[in-house]
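Coordinate inspection notes
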Number of protein chains: 2
Amino acid sequence: MNDGLEILPVRGIGDVTAGDDLAELITGAAPWLADGDVLVVTSKIVSKAEGRLVEVPADGPEREEARQRVLAGETARLVARRGNTTIVQTHHGFVMAAAGIDASNVDKTHLVLLPEDPDASARRLRADLRERGLDVAVVVSDTMGRAWRNGLTDVALGAAGIDALLDHRGQFDPYGNELSLTQMAVIDELSAAAELVKGKCDRVPVAVVRGYGRLTADDGPGAKVLVRDSAEDMFGSGTAEARAEGLRAAAALPELPHTGGRSLMDPPPAGPPAADPAAVTRALRTLGDLLVSNLRLDNGIRLTPARDSPAALIRTGAEAHRLRAALAAEGVHTTALTDDEGVTLYYGASA
Amino acid sequence: MNDGLEILPVRGIGDVTAGDDLAELITGAAPWLADGDVLVVTSKIVSKAEGRLVEVPADGPEREEARQRVLAGETARLVARRGNTTIVQTHHGFVMAAAGIDASNVDKTHLVLLPEDPDASARRLRADLRERGLDVAVVVSDTMGRAWRNGLTDVALGAAGIDALLDHRGQFDPYGNELSLTQMAVIDELSAAAELVKGKCDRVPVAVVRGYGRLTADDGPGAKVLVRDSAEDMFGSGTAEARAEGLRAAAALPELPHTGGRSLMDPPPAGPPAADPAAVTRALRTLGDLLVSNLRLDNGIRLTPARDSPAALIRTGAEAHRLRAALAAEGVHTTALTDDEGVTLYYGASA
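Residues numbered from 1 in each chain as written. Chains lettered and ligands numbered in written order. Predicted model: local features only at pLDDT ≥ 70, side-chain atom pairs only at ≥ 80, totals over all residues. Heavy atoms only, no water.

Looking at where Thr-42 of chain B falls in the secondary structure, it is placed in strand β2 (residues 38-42). Aside from chain neighbours lying at most four places away, what touches Thr-42 of chain B is Ser-141, Lys-198 and Pro-205 of chain B. (Helix = DSSP H or I, 4+ residues; strand = E, 2+ residues; numbered from the N terminus. Contact = heavy atoms within 4.5 Å.)

On to the pattern of salt bridges, then. A complete count under the given rule lists 34 salt bridges over all chains for this structure. Asp-15 of chain A is the salt-bridge partner of Lys-48 of chain A, the closest N and O atoms lying 3.6 Å from each other. In this pair, Lys-48 of chain A sits in helix α2 (residues 43-49) while Asp-15 of chain A sits in the loop between β1 (5-10) and α1 (22-29), placing the two residues 33 residues apart along the sequence. Overall, Lys-48 of chain A belongs to the buried group, its relative accessible area being 7%. You can call Asp-15 of chain A partly exposed: its relative accessible area is 40%. For Asp-102 of chain B, the salt bridge is made with Lys-44 of chain B, and the minimal N-O distance between the two is 3.1 Å. Placement of Asp-102 of chain B in the loop between β6 (95-97) and β7 (110-112) and of Lys-44 of chain B in helix α2 (residues 43-49) is noted, with a sequence separation of 58 residues between them. (Salt bridge = Lys/Arg side-chain N within 4 Å of Asp/Glu carboxyl O. Buried < 20%, exposed > 50% of the residue type's maximum accessible area, 1.4 Å probe, protein only.)

Between chain B and chain A, the residue contacts involve 123 residues of the former and 123 residues of the latter. Ranking the residues of chain B by area buried against chain A places Trp-148, Arg-149 and Met-234 of chain B at the top, with a combined share of 9%. Taken together, chain B and chain A are joined by six salt bridges. The shortest N-O distance in the salt bridge between Asp-188 of chain B and Arg-146 of chain A comes to 2.6 Å. Our count for the contact surface shared by chain B and chain A stands at 50 residue pairs in polar contact (both at pLDDT 80 or more). Examining the composition of the side of chain B that touches chain A, we find that 14 residues originate from one element, helix α8 (residues 310-329) of chain B, more than from any other. Tallied by class, the residues present in the side of chain B that touches chain A amount to 62 nonpolar, 28 polar and 33 charged. Summarising the sheet, β1 of chain A and strand β1 (residues 5-10) of chain B pair through three bridges and their orientation is antiparallel. (Buried area = accessible area lost by both parts, 1.4 Å probe. Polar contact = N/O pair within 3.5 Å; in protein donor to acceptor, adjacent residues only side chain to side chain. Nonpolar A, V, L, I, M, F, W, Y, C, P; charged D, E, K, R; others polar. Pairing = 2+ DSSP bridges.)

Let us look at the sheet that holds strand β14 (residues 300-304) of chain B. Residues and elements named next belong to chain B. Spatial strand order, β13-β14-β16-β15: four strands in an open sheet with antiparallel pairing. Two strands in the sheet have a free side with no partner beyond their single neighbour: β13 (293-296) and β15 (334-338). Neighbouring strand axes in the sheet, compared pairwise and without regard to direction, differ in orientation by 20° on average. As defined by bridge partners, β13 adjoins β14 across four bridges and the pair is classed as antiparallel. Within β14, the position partnered with Ser-293 by the bridge is Thr-304. Against the sheet, helix α7 (residues 277-287) makes contact with β13, β14 and β16 (343-347), and its axis sits at roughly 170° relative to β13, the strand it touches most. (Axes fitted to C-alpha atoms, helices over the stretch in contact; angles between N-to-C directions.)

Moving on: the packing of helix α7 (residues 277-286) of chain A against helix α8 (residues 310-329) of chain A. Residue and element names in this part refer to chain A. It is the contact of α7 with α8, at a shortest axis distance of 8 Å, that shows an interaxial angle of 130°. Of the possible angle classes, the one that applies to α7 and α8 is oblique. Here α7 runs over α8; the crossing is right-handed. Every residue of α8 that contacts α7 at Val-280, Ala-283, Leu-284 and Thr-286 is listed here: Leu-323, Ala-326 and Leu-327. The class makeup of the residues in the contact of α7 with α8 is six nonpolar, one polar and no charged. (Parallel < 35°, antiparallel > 145°, perpendicular 65-115°, else oblique. Left-handed = near helix turned anticlockwise from the far one by under 90°.)

Glancing now at the relation of the copies chain B and chain A. Comparison of the two chain copies shows a relationship of rotation about an axis with a shift along it. Least-squares fitting of chain B to chain A yields an RMSD of 0.1 Å, with the superposition described by an axial translation of 0.0 Å and a rotation of 180°. Such values leave the two copies arranged in the relation of a two-fold axis. (Least-squares fit on C-alpha atoms with pLDDT ≥ 70 in both.)

With that settled, consider the domain arrangement of chain A. When its domains are assigned, chain A resolves into domain 1 (6-232) and domain 2 (253-349). Each of domain 1 of chain A and domain 2 of chain A was reduced to a C-alpha centroid, and the two centroids are 53 Å apart. (Domains from an automatic or database assignment.)

A few words on the side chain of Arg-210 of chain A. Inspection of the secondary structure puts Arg-210 of chain A in strand β12 (residues 206-210). A polar side-chain atom of Arg-210 of chain A sits 2.9 Å from the main-chain carbonyl oxygen of Trp-32 of chain A.

Here's what the structure looks like:
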């Protein structure tokens, strides 16, 4: 039964207000704190101590308007919206419903914002505790939803004195398989463990994890290393938002200006004629029967009216644009050139 | 210091093979197990005991081909793919990289699949332990990645004898604010806490959480209540996949058959003429300057060539389709009717 952990609630901290000394409050409530402990502090009391409150009307439409203004201020990027739920990326990089702005555990005329720099908050509290002779790690935690799974869990917004990630990469299991992808987000797991003893209405904003070991001598990289760069994130936008973005991208496929006498045999206007033939075939297949004639060229596709009427010419333009969207969905970008006989879609986007 | 939790590793379980009695192995390794404990069991040993292994070649392209076949069998739906990373929804509903198929902690000629029904696995183990006189809860856990955050955490695949969610809804904080959205995924937090003492190479596939309380008399709802219905999920598809889906949707906006003499003044062919004028304005604005003339009607938009040439007719078709994609991105669906003078986009999709 050695090497276990204890998760201990810190009771009796009471209400926290702007300017409060958290190190004082925590050591007062938990005189049993010891070197090597990991303190997991709910971001709410960090925010309150730091005065990260905004005054808002207690009710009515003015309250909602004020809340929307505050949300806009905390938002770096809208990620997804459905009904009343708005998921944004904050200026810190966290992806959270309503930017983590909270109206619970505060009087009705205030909203609580996230700490401005939760890693800095963790470092300050760690330094303050060290001044009192305590060598501990500090994790600032908050409650978040997740994709794909119901229910919320606590995760880390800030950390000091502990590595956010425990890296098993380069290690081998007992069968000799290299553990290639295993970086555990241990400060998130510590936050989750701490939440189990905190509860939501019990005024237990701090819990202590004892026995974890692995504290760092310096402050370490903080929790910011857990923020995934949105360009690298496969889920950087909501599904509906990304789908709408695809439709907008289709709408934004512009034509080049009218070329007058440009002929089919002229060289393509931009880029090398490169397209995966299988991708082109897939795109054509998704369209089903085209209403116009199409001819696959080495460097593009030529569309011409199936019959001789003004409506058939109009339809040729529409079909050419449908095909461009289908090709773009397959990663094949095109430049469209229209003449009086039809449209040529050259592979390669114009500059 | 009361009301805390202990997280205790169970060492000495050793290698698990098909047909092993997990209750026997666990009680043998942890004779100190007590009523009220929560056992968090790594799904890997559950899978092994249940014989959820597939034989594959030890290396070479045949291994990768076999792995792809196994992955296809475990996949209900592709969620996102980038490079070598494939995220799928499994038949259980879990969204996981490679369907949770694992090549670590097993010899090189086998892959380990997830348990077929992890809730049933948890119930069986709980019943087996109860036969030995132990009244515990069982959580079957596995390691998963998440959207938006680097690093992995352990979460619950199965559970018995414990509620997956701890519901704070309907409770009030000390300020009288109702906690409206707070359902904590406690079995995920218990899994995360347990992972902190397990490690990845240490042969500690089981940890015990002592002091949690809140065990249920019956098996309870299991972990399946944590699986979010993909139709309700704002992140049901990867961003790139959803964007491509939008492009395909644009390509799939078909024209109605040529109408011959249908005139602008005919009634619209389908659906009520309903469109948010602001949405229509936004769609037109995203297109910038149209190359053709457009006229907003009560029930649609009429597009006609800006000048009299075959190329201008072709362009009218392309511009009409661009506009349809832009309208669809704003949630305005249209039915296109082409005649010899132009195109009318009627609001309301055709049946």
